[in-house]
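# Notes for the structure review
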Amino acid sequence: AQSVAQPEDQVNVAEGNPLTVKCTYSVSGNPYLFWYVQYPNRGLQFLLKYITGDNLVKGSYGFEAEFNKSQTSFHLKKPSALVSDSALYFCAVRWSDTDKLIFGTGTRLQVFP
Amino acid sequence: KAGVTQTPRYLIKTRGQQVTLSCSPISGHRSVSWYQQTPGQGLQFLFEYFSETQRNKGNFPGRFSGRQFSNSRSEMNVSTLELGDSALYLCASSLGPGAGQPQHFGDGTRLSIL
């Protein structure tokens, strides 16, 4: 069955340090991969996507993500975290036009000053 | 460009009632999807519409239904409300149904069932 895993419920990082939020998916092939962020009482905001091409994708607010086909992973990264990055982050995967967009369970990122 | 607009933002209903939620997509977007978000179940897909046709449906009972109008606006209806239907209902729009199209979300309707 198709599934998306975010193994960490919460990630804590000090401001200015690099951050990584992990995401793996169950089925190989050619997935379409997305990262979204959710602030309190708001909907999800699109950060970046991987369709094809360069494995390192750059997105909004200085975030980037690295696609690794052999490990079926799509980890979100940022070189220097900001306190304002504290939010809930969701990884999502879709395998074809007829498939549903499947979300991970979310990872709460807490950046401490 | 205006984002996805969902109305109302908050709603309180009692068990057994029915409710209709509305979603206006970003101008030019023709695909609309609905999701239910709860602390316990996370984000669960409800349905997806494109050109007034339902393309995909999640694993929800028939009490949950939706439709899309010719102007791409969408509504979802929940009948015979249950306590477990309390959730944040999110609508998302995209240019089309292509798998690579990012979805853009509204701020949701928070439904509370008493």
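Look above for the structure.
Residues numbered from 1 in each chain as written. Chains lettered and ligands numbered in written order. Predicted model: local features only at pLDDT ≥ 70, side-chain atom pairs only at ≥ 80, totals over all residues. Heavy atoms only, no water.

## Some points on the interface of chain B and chain A
Listed per partner, the contact involves 23 residues of chain B and 21 residues of chain A. Both sides together, the interface formed by chain B and chain A hides about 1800 Å², and carbon and sulfur atoms give 51% of it. For the chain B face of the interface with chain A, the top three residues by lost area are Leu-43, Ala-99 and Phe-105 of chain B, together amounting to 29%. Inspection of the region where chain B meets chain A yields two salt bridges. (Contact = heavy atoms within 4.5 Å. Buried area = accessible area lost by both parts, 1.4 Å probe. Salt bridge = Lys/Arg side-chain N within 4 Å of Asp/Glu carboxyl O.)

## Some remarks on the pattern of salt bridges
Oppositely charged side chains can pair when the atoms bearing their charge come close. For the coordinates displayed, the defined rule picks out 10 salt bridges over all chains. A salt bridge links Glu-64 of chain A to Lys-58 of chain A; the nearest nitrogen and oxygen atoms lie 2.9 Å apart. Glu-64 of chain A gets classed as buried once you look at its relative accessible area, which sits at 17%. Measuring nitrogen to oxygen at the nearest pair gives 3.6 Å for the salt bridge that ties Arg-63 of chain B to Glu-82 of chain B. (Buried < 20%, exposed > 50% of the residue type's maximum accessible area, 1.4 Å probe, protein only.)

## A look at the sheet that holds strand 3 (residues 19-24) of chain B
Residues and elements named next belong to chain B. Overall, antiparallel pairing links the four strands, which are arranged 1-3-8-7 in an open sheet. The open sheet has two edge strands with one neighbour each: strand 1 (5-7) and strand 7 (64-68). Put simply, the sheet's adjacent strands are angled 15 degrees from each other on average, direction ignored. Here five bridges tie strand 7 to strand 8 (residues 74-78), and the two strands are oriented antiparallel to one another. Residue pairing in the sheet places Phe-64 in a bridge with Val-78 of strand 8. (Pairing = 2+ DSSP bridges. Helix = DSSP H or I, 4+ residues; strand = E, 2+ residues; numbered from the N terminus. Axes fitted to C-alpha atoms, helices over the stretch in contact; angles between N-to-C directions.)

## Let's talk about the state of the cysteines
Enumeration according to the criterion identifies two disulfides over all chains in this entry. A sulfur-sulfur separation of 2.0 Å characterises the disulfide bridge that pairs Cys-23 of chain A with Cys-91 of chain A. One disulfide, between Cys-23 of chain A and Cys-91 of chain A, carries an S-S torsion of -60 degrees and so falls in the left-handed class. Note that Cys-23 of chain A is positioned in the loop between strand 3 (19-21) and strand 4 (24-25) and Cys-91 of chain A in strand 10 (residues 87-94), a separation of 68 residues in sequence. Overall, Cys-23 of chain A belongs to the buried group, its relative accessible area being 0%. Two residues, Cys-23 of chain B and Cys-91 of chain B, share a disulfide whose sulfurs are 1.8 Å apart. (Disulfide = S-S within 2.5 Å.)

## A closer look at the pairing of strand 12 (residues 107-112) of chain A
All names here are of chain A. The alternating pattern of strand 12 places Thr-107, Leu-109 and Val-111 on a buried face and Arg-108, Gln-110 and Phe-112 on a face that is not buried. Strand direction decides the pairing type here: strand 2 (residues 10-14) and strand 12, joined by five bridges, are parallel. Its bridge partner being in strand 12, Ala-14 is matched across the sheet by Phe-112.

## Some words on the nonpolar core
Ranked by size, the top nonpolar core spans 27 residues in total, and within it Trp-35, Leu-47, Leu-48, Phe-74, Leu-76 and Tyr-89 of chain A carry the most contacts. Put simply, the parts of the chain that give this core at least two residues each are strand 2, strand 3, strand 5 (32-38), strand 6 (44-50), strand 8 (64-68), strand 9 (73-78), strand 10 and strand 12 of chain A. With four residues, strand 10 of chain A is the largest single contributor of residues to this core. Dropping the residues within four chain positions of it, Phe-74 of chain A is found in contact with Cys-23, Leu-33, Phe-34, Trp-35, Leu-48, Lys-49, Tyr-50, Ala-65, Glu-66 and Phe-67 of chain A. By size, the runner-up hydrophobic cluster in this structure holds 21 residues, among which are Cys-23, Ile-26, Tyr-49 and Ile-113 of chain B. (Core = buried A, V, L, I, M, F, W, Y, C linked by side-chain atoms within 4.5 Å.)

## Quick word on the packing of aromatic side chains
Given two aromatic rings, one states the distance between the centres and the angle between the planes to describe the pair. One pass over the structure, following the stated rule, counts 15 aromatic pairs over all chains. Seen from their ring centres, Tyr-36 of chain A and Phe-103 of chain A are 5.8 Å apart, and the 50 degrees between their planes marks the pair as tilted. Note that Tyr-36 of chain A is positioned in strand 5 and Phe-103 of chain A in strand 11 (residues 102-103), a separation of 67 residues in sequence. Under the relative-accessibility criterion, Tyr-36 of chain A is labelled buried at 0%. Residue classification places Phe-103 of chain A among the buried positions, given a relative accessible area of 8%. Relative to Phe-105 of chain B, the ring of Tyr-36 of chain A has its centre 5.5 Å away and its plane inclined at 80 degrees; by these criteria the two rings are edge-to-face. One end of the pair, Tyr-36 of chain A, is in strand 5; the other, Phe-105 of chain B, is in strand 10 (residues 104-105), on a second chain. (Phe/Tyr/Trp six-rings, centres within 6.5 Å; stacked < 30°, edge-to-face > 60°.)

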